[in-house]
Amino acid sequence: MTKVFGTPHEQVVFCHDETSGLKAIIAIYSTALGPALGGTRFYPYGSEDEALADVLNLSKGMAYKNALADLDLGGGKAVIIGDPSADKSEALLRAYGRFVQSLNGRYFTACDVGTFSEDMDVIARECDYVTGRTVAHGGAGDSSILTAYGVFQGMRAAAERVWGSPTLRGRRVGVEGVGKVGHRLVEHLREDGADVVITDVSAAAVARVRARHPEVDVVDGHEGLTSSDIDVYSPCALGAALDDETVATLRAKIVCGGANNQLAHPGIEKQLDDRGVLYAPDYVVNSGGVIQVADEIEGFDFDRAKQKASGIFETTRRIFAIAADEGVPPAVAADRLAERRMSEIGRLRTILLPR
């Protein structure tokens with residue numbers, strides 16, 4: 001059983017509205033850098049404990065992600081327990097918005113798995129602390145646009161580290177999950193001249209990519225992709241894609257994808273390193289989306305947000321350099337860099353200002 005007090009989270013809020021069917025958990029990991037920002041995941045968890053474990057992991061990842069994205073924002077996340085295709089309703093979303101509002105700005109929400117910009121517009125009818133809204137309501141729209149762009153920048157940095165040039169041209173890239181982020185990543189890869197192979201549990205998602213890029217290959221399932229002859233493995237579906245069995249059979253030289261929490265357990269990063277596989281930490285390379293929605297807080301400008309997301313290339317390069325200098329896996333180097341920023345900037349709050 002997951003124990004909330006066994007983690008360093010600042011706050012965990014359980015939200016229940018029986019009439020609408022809302023069952024949600026909001027987790028705030030850290031506000032050292034500012035209000036916590038992170039999306040709302042709507043997912044049919046098998047149990048409340050499973051939902052709690054997920055939101056605790058995701059909110060910690062957001063704190064580290066926002067720190068390395070050079071945002072003055074802390075880390076948080078929320079999950080709504082249920083099937084979004086059956087349980088989502090205006091009443092449920094508005095009830096959820098009132099719970100977010102009750103936190104008085106400690107947490108800003110946005111889209112995630114199972115939620116969309118249109119849902120954020122509904123939540124915003126009860127809440128001031130919503131990002132990822134539709135363009136019609138002054139928002140950034142679909143945050144997967146810059147998420148995919150950032151993953152591509154991180155992949156370019158990894159390619160430079162492994163092969164000496166920041167391009168995927170002529171390399172075979174396996175993309176697992178071609179939904180909101182994955183199908184956009186395929187666009188970037190094909191434009192760069194990469195050969196692409198994909199897999200997805202959704203036949204419709206695969207068909208959409210194949211309709212636009214009939215030259216893209218398709219394999220059956222996670223194991224079929226990770227054990228195939230690929231240069232780069234890009235997990236873009238749900239987390240924990242890299243477990244002991246996957247790492248043991250993985251043939252790629254680089255892992256770089258858009259999914260959150262890709263490492264199934266601590267120690268996987270060392271296994272990858274020991275096998276000579278360069279892992280681009282997920283919360284570094286997939287931060288383009290949070291950069292995009294965070295830009296809404298001061299009034300959205302796509303060009304400004306894209307310019308900031310372009311910095312993912314240099315941040316990833318820096319992490320690889322630190323990892324090499326300190327003799328640690330890139331995931332460890334990224335954690336150290338994020339923790340340093342949260343500590344150094346968070347400390348400034350001890351300098352009291354006059355009221």
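Bear in mind the structure is a predicted one, so any value in this text is a computation, not a measurement.

Visitor: What's the story with the overall build of the protein in this structure? I'm lost.
Guide: Of regular secondary structure, the protein possesses 15 helices and twelve strands. In terms of principal-axis extent, the alpha carbons of the protein reach across some 55 × 50 × 45 Å. Evaluated residue by residue, the protein yields a buried proportion of 54% over its 355 residues. Within the protein, contacts between residues separated by at least 24 positions form 66% of all contacts whose residues are at least 6 apart in sequence. By element, 49% of the accessible surface of the protein is carried by carbon and sulfur atoms, the whole surface being about 15500 Å².

Visitor: Just to check I follow, could you spell out the environment of Lys88 for this structure?
Guide: Residue placement: Lys88 occurs in the loop between α2 (84-87) and α3 (90-102). A residue is classified by how much of its surface remains accessible, and Lys88, at 23% relative accessible area, is partly exposed. Taking the C-alpha atoms as reference points, Lys88 and Gly75, separated by 13 residues in sequence, lie 25 Å from one another. Excluding residues that lie within four positions of it along the chain, Lys88 makes contacts with Phe42, Asp83, Leu93, Gly114, Thr115, Phe116 and Asp119.

Visitor: Please explain the pattern of salt bridges as it appears in this structure.
Guide: Close approach of charged atoms lets side chains of opposite charge pair. All chains considered together, the criterion is met by 23 salt bridges. Across the pair Asp112 and Arg41 runs a salt bridge whose closest N-O atoms are separated by 2.5 Å. In this pair, Asp112 is assigned in the loop between β6 (107-108) and α4 (117-123) and Arg41 in strand β4 (residues 40-43), connecting sequence segments 71 residues apart. In this structure, Asp112 and Arg41 share a single accessibility class: buried. In this structure, the salt-bridge partner of Arg317 is Glu314, at a minimum N-O distance of 3.2 Å. Of this pair, Arg317 and Glu314 both sit in helix α14 (residues 312-326), three residues apart, which is roughly one turn of the helix. Residue classification places Glu314 among the partly exposed positions, given a relative accessible area of 44%. Residues participating in the shared-partner salt-bridge network are Glu90, Arg94, Arg98, Arg125 and Glu126.

Visitor: Explain helix α6 (residues 182-192) here, please?
Guide: Side chains three or four residues apart in an α-helix point the same way, a direct result of the helix having 3.6 residues per turn. Along α6, eight of the eleven residues are buried, which leaves the element largely enclosed by surrounding structure. Contacts from the buried residues of α6 go to α5 (144-163), β7 (172-176), β8 (195-199), α7 (203-212) and β10 (232-235). Gly193 sits one or two residues past α6 and shows a positive phi near 95°.

Visitor: Any chance you could explain the packing of α5 against α6 here in plain terms?
Guide: α6 packs onto α5 with a crossing angle of 45° between their chain directions and a minimal axis gap of 8 Å. Compared by their axis directions, α5 and α6 come out oblique. Seen along the crossing, α5 lies across α6 with a hand that is right-handed. Touching Ser144, Ile145, Ala148, Tyr149, Val151, Phe152 and Met155 of α5 are Arg184, Leu185, His188, Leu189 and Asp192, all from α6. Of the residues in the contact of α5 with α6, the class split is eight nonpolar, two polar and two charged.

Visitor: Honestly, the state of the cysteines in this entry has me stumped. Any pointers?
Guide: Here is the idea: a disulfide is a covalent bond, and it sits between the sulfur atoms of two cysteines. Within this structure, the stated rule accounts for zero disulfides. Free of any disulfide, Cys111 has its nearest neighbouring cysteine sulfur in Cys127, separated by 13 Å. For Cys111, a relative accessible area of 16% puts it in the buried group. You can see Cys127 has no disulfide; the closest cysteine sulfur is in Cys15, sitting 11 Å from it. By relative accessible area, which is 4% here, Cys127 ends up buried.

Conventions used here
Residues numbered from 1 in each chain as written. Predicted model: local features only at pLDDT ≥ 70, side-chain atom pairs only at ≥ 80, totals over all residues. Heavy atoms only, no water. Helix = DSSP H or I, 4+ residues; strand = E, 2+ residues; numbered from the N terminus. Buried < 20%, exposed > 50% of the residue type's maximum accessible area, 1.4 Å probe, protein only. Contact = heavy atoms within 4.5 Å. Areas by Shrake-Rupley, 256 points an atom, 1.4 Å probe, with all protein chains shown as cover. Salt bridge = Lys/Arg side-chain N within 4 Å of Asp/Glu carboxyl O. Axes fitted to C-alpha atoms, helices over the stretch in contact; angles between N-to-C directions. Parallel < 35°, antiparallel > 145°, perpendicular 65-115°, else oblique. Left-handed = near helix turned anticlockwise from the far one by under 90°. Nonpolar A, V, L, I, M, F, W, Y, C, P; charged D, E, K, R; others polar. Disulfide = S-S within 2.5 Å.

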